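Results of the structural survey
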Amino acid sequence: MTLPRPAKKGEMVALDLEMFGQDVKRLHRPHGTFACLSIAYSAEEHYQITDKADLPKALERLKSGMWIFHNALYDLRQLRGLCNTPPVSKVWDTMLVERAMFGGYYNDFSLAGLTRRWLHVYLSKEQQSEFGQAEHMTTEMAEYAIRDAISTLLIAQAQRHQLDESEDQLRSYWEVDEPAIWAFLDLQPVAIDADGWRKLAEENDATGVSIQLDLGFNVKSPKQTIEHVEKMTRVHLQDSTKLSLEQLALGMRSEGYDSAAEFIEKILEARSYRDASSKYGMKWLDEYVEEENLVYPDFKVSGTETSRTSCSSPNVQQIPVRKMPKFRELFVSRHPGGSIIIADQNQQELRFLAWFSGDTVLRKALLDGRDLHQEVADDFGLTRRKGKDINLGLGYGMSAAGLASRVGISIEAAEAGIRKRNARYPLAAIWSSNQKSRGAALGYVTSALGRRMWINPYLEQWERNAINSPIQSSAAEQTKIWLRLIFDEAKARDLPFAVTMLVHDELVADVPKGMVRQYAKLLKETGIESGKMVAPDMEFDVAVAYGPNWGAKA
DNA sequence: TGCCCTGGCGC
DNA sequence: GTACGTGCCAGGGCA
C-alpha cells in the first residue's frame, strides 16, 4: 500500500473519509467501520488508504500541510474515533468558506452543489449509498471516493483564487469559524434524567389524547380543525387566511362568545400536549439518548445565512422553555454533585445595533440597564411581555406586518410603534436607512468582522435583511469567539472544557462538583472579552445562573 | 413511499 | 388586496 508523500509546509491537501455501515441519521457520531481515506494533492497526484492500520502513518505524513475537508467536523470526528490524529494547526473547510463567501446568495452548500458551481461538473452521489450496506470496496466505490477528494481540493483552490483579490472576506472564517471547529469537536454531551423524561412523556401523551377525545377530532389536522372551528364560530377561516387560532380565541372572548373561545383554547392545548409527546416522547429517548443517559447534539458551526449555529439530532436549541419549562429541568449534570451553568449575553443584538449606529441614547439605555422591553411596550401601547416580543421581532428583521400578526395588533399600530421607536433612537434609525442604501449599492452587507451577506433584491424583505443581517451575524461571531476563548482558557488554566450547548446568545456548561465559582467566572470574563474582540469600545454584559439542571434561573 | 404543506418551538 | 426573520421537526394529505 502506497502511503502519501509528506506534505510541504502549508501545502493544500484534501482528505475525504468513507465509512461502511453508517446510519445516515447519525453521521455526526463516530460509528461504522473504516472504508478508505482518499488524499489529493492535485487532480493527478492522489492516494487512497484502505487499511486502517496505515492511518496514523499516513496522517503523520500530512501533518505539515493545510488539510482541506468538505465539512471538517464529520471527517475529524470519525478520524478521531479511528486513530490518534496528529494536531493540525489549520483546516480549510470548503463548506464553511462557501457559506462565508455566499451567505444569502446560495442555499445549496453540499459538495455536489459546490462542484457544480465551481467546477461545472455534475457530481453523482449514487455510489455514496453503497457504503451504507457494503463491507468491501468495489472499483467504482474507490473511484467515487477519490473523485470527491479531488473535487474538494479543486474547489478549495478556486475559492482561494477568488479570495486572493479580497482577503478581508476570510477574516471571519479564520478568526471565528475555523477556530470554532476545534471547540465544536470537543463540545461535551449533555445528560438527561431519562426516568423523569419517560414520566413526563407519558403524562403529556395522556393529557393530549384525553383533551382530543373530548373535542372529537384530530387537532393536528388543519383541515379538520378548520371544519370544526367554522362550525363552532360561524367564521369563515379561509377568508381570513393565517388568522391564528390564538387571535381568534381572543377575539371570540372579547365579543362575549365564551364557549367558542374555550373550544379554540382547548384545541390549542391539545395540540401543545400532542406536539410535546410526539417531539419529546419515547422516540426521542430511543433515538438520541446513548450510554450513561448522554445526548450528543449535532451542532453546525454555521447553519444559517448569517452564520448563526444550527443544531439537530436532537435540536437542543428549540427545547421548550416558556409553556413547558419541565423539559429543561430534565437536562442535568452528568457529574455527581455537579452543576449546570447557564451564561447568556445581555441584550446582545441591541448592543450591536448601538455599536454599529453609534446611537448614544440606545447605548446609554443599555449601560444604565434600563428596561428596554418596557420602553418599546410604551411606544406600542402594549404590555411588557408583548414589548419583549416586539424587540425580539424587530431584532429578527420582521416587518410591520410580521410584527402585527405575531403580536396581534393592526399593521397601522405596528407602523406607528416603529416610528416612535425610530424617534427614540434617531442614530439607529439613520444607520438602518444607510444600510439599505449600502445593501442596494453593493449587493451585500457585512458583519463586524467583514463577513458578507448577499442581499437578494427580488425578496420583499431585502431591506430588513440589510439591517438585520449585520447585527445577527456579528452576534453569532461573538458567541463563537466566546466559545473559543473558553476552550483556550480552560486549557491554559488546566480546567476541563465543560460547554455542552450553544443557544445563540447563551452557553451552557456542565461542571463537576466544586468548580461552579471558578467556571462561572471564566464564562463571564470570556463573554465580556469576546465582545471587545468583535465590537471594540462597546460594553457587554453576561448573566450567569447555575443549579442542578438547565432550568436554573439567575 | 416520498414529497410538500402546515404548524409550532427556540433564538 | 397584500404584506409575515430563521432552522428543525412531526404529522397530515395526497400522488
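This section reports on the structure supplied with the text. Bear in mind that the values here come from a model prediction, so they are computed numbers and not experimental data.

Calculation rules
- Residue positions within a chain follow its written sequence, with the count starting from 1.
- Note on labels: chains are lettered from A, ligands numbered from 1, in written order.
- At least 70 in pLDDT is required for a residue's local features to be given in this predicted model, at least 80 for side-chain atom pairs to be given and counted, and no such filter applies to totals for whole chains, interfaces and linings, which use all residues.
- With hydrogens and water excluded, all non-hydrogen atoms of the structure serve as input to the side-chain values.
- Distances are taken per atom, and a residue is near a molecule or strand as soon as one of its heavy atoms is within 4 Å of it.
- Here a polar contact means two N or O atoms within 3.5 Å. Within protein one must be a hydrogen donor candidate and the other an acceptor candidate, and residues neighboring in sequence count only if both atoms are side-chain atoms.
- By the criteria applied, helices consist of DSSP H or I runs no shorter than four residues and strands consist of E runs no shorter than two, each listed in order from the N terminus.
- Polarity classes work like this: nonpolar for Ala, Val, Leu, Ile, Met, Phe, Trp, Tyr, Cys and Pro, charged for Asp, Glu, Lys and Arg, and polar for all others, with Gly in that last group.
- Two strands pair under a simple rule: DSSP has to find at least two bridges between them.
- Expected helix span is taken as 1.5 Å per residue step, with the number of steps being one fewer than the number of residues.
- Burial status follows relative accessibility: with a 1.4 Å probe on protein chains alone, a residue under 20% of its type maximum counts as buried, one over 50% as exposed, and anything between as partly exposed.
- Contacts are assigned to residue pairs that have any heavy atoms within 4.5 Å of one another.
- Here an angle of 0 to 180 degrees is reported between the N-to-C directions of two axes, which are lines fitted to C-alpha atoms, with helices fitted over the stretch in contact.
- Every case where a carboxyl oxygen of Asp or Glu lies within 4 Å of a side-chain nitrogen of Lys or Arg is listed as a salt bridge.
- Should an angle fall under 35 degrees it is called roughly parallel, over 145 degrees roughly antiparallel, and 65 to 115 degrees roughly perpendicular, with every other angle called oblique.
- The hand of a helix crossing depends on one turn: near helix anticlockwise from the far one by less than a right angle means left-handed, and clockwise means right-handed.

All right, on to the protein's contact with DNA strand B then. The full set close to DNA strand B counts 18 residues, and R271, R308, Q318, V321 and D505 are the nearest of them. Counting only atoms of DNA strand B within 4 Å of the protein, the sugar-phosphate share comes to 68%. V321 places a main-chain nitrogen or oxygen 2.9 Å from a phosphate oxygen of DNA strand B. Y396 is positioned such that a nitrogen or oxygen atom in its side chain is 3.2 Å from a base nitrogen of DNA strand B. In terms of residue count, the dominant contributor to the surface near DNA strand B is helix α11 (residues 258-279) (four residues). For the surface near DNA strand B, a count of residues per class yields seven nonpolar, three polar and eight charged.

What follows concerns the sheet that holds strand β7 (residues 289-290). The four strands are arranged β7-β8-β6-β11 in an open sheet whose pairing can be described as antiparallel. On the outer flanks of this sheet lie β7 and β11 (331-332), each paired with one strand and no other. The pairing of strand β6 (residues 190-192) with β11 spans two bridges and is classified as antiparallel. If you follow I192 over to β11, its bridge partner there is F331.

The next thing to look at is helix α17 (residues 384-395). Relative to the 16 Å expected for 12 residues at 1.5 Å per residue, α17 spans 16 Å between its end C-alpha atoms, a close match to the ideal helical length. Along α17, the residues classified as buried are G387, I390, N391, G393, L394 and G395. In this fold, the buried residues of α17 make contact with α14 (348-357), α16 (372-380), α18 (400-407), α19 (411-424) and α21 (462-492). Within two residues after α17, G397 carries a phi angle of roughly 80°, on the positive side.

So, about the sheet that holds strand β12 (residues 339-345). With respect to topology, four strands assemble into an open sheet ordered β15-β16-β12-β17, the strand pairing being antiparallel. The sheet terminates laterally at β15 (499-502) and β17 (542-547), the two strands that pair on one side only. Across the sheet, the mean angle separating the axes of adjacent strands is 20° when strand polarity is ignored. Summarising the sheet, β12 and strand β16 (residues 506-511) pair through six bridges and their orientation is antiparallel. Looking at the pairing, I341 lines up with A509 of β16. Packed onto the sheet, helix α22 (residues 516-534) meets β12, β16 and β17 and runs at close to 20° relative to β12.

For the structure on display, the rule yields 28 salt bridges. One salt bridge connects E290 with R26, and the closest N-O pair in it is separated by 2.9 Å. Highlighted residues: E290 in strand β7 and R26 in the loop between β1 (12-20) and β2 (33-40), separated in sequence by 264 residues. With relative accessibility at 28%, the residue E290 sits in the partly exposed group. Note on R26: relative accessible area 11%, which makes it buried. Here the residues in one salt-bridge network are R370, E375, D379 and R424, joined through shared partners.

Right, let's get into the packing of helix α4 (residues 111-119) against helix α6 (residues 139-163). The axes of two packed helices give the description: the angle between them and the distance between them. The geometry of α4 relative to α6 is characterised by a closest axis approach of 10 Å and an angle of 55° between their N-to-C directions. By the angle between their directions, the pair α4 and α6 is classed as oblique. Crossing of α4 against α6: the hand is left-handed. Taking contact as the criterion, the partners of L111, L114, T115, W118 and L119 in α4 are, on α6, D148, S151, T152, L154, I155, A158, Q159 and Q162.

None of the figures reported here should be taken as evidence of function without further support.
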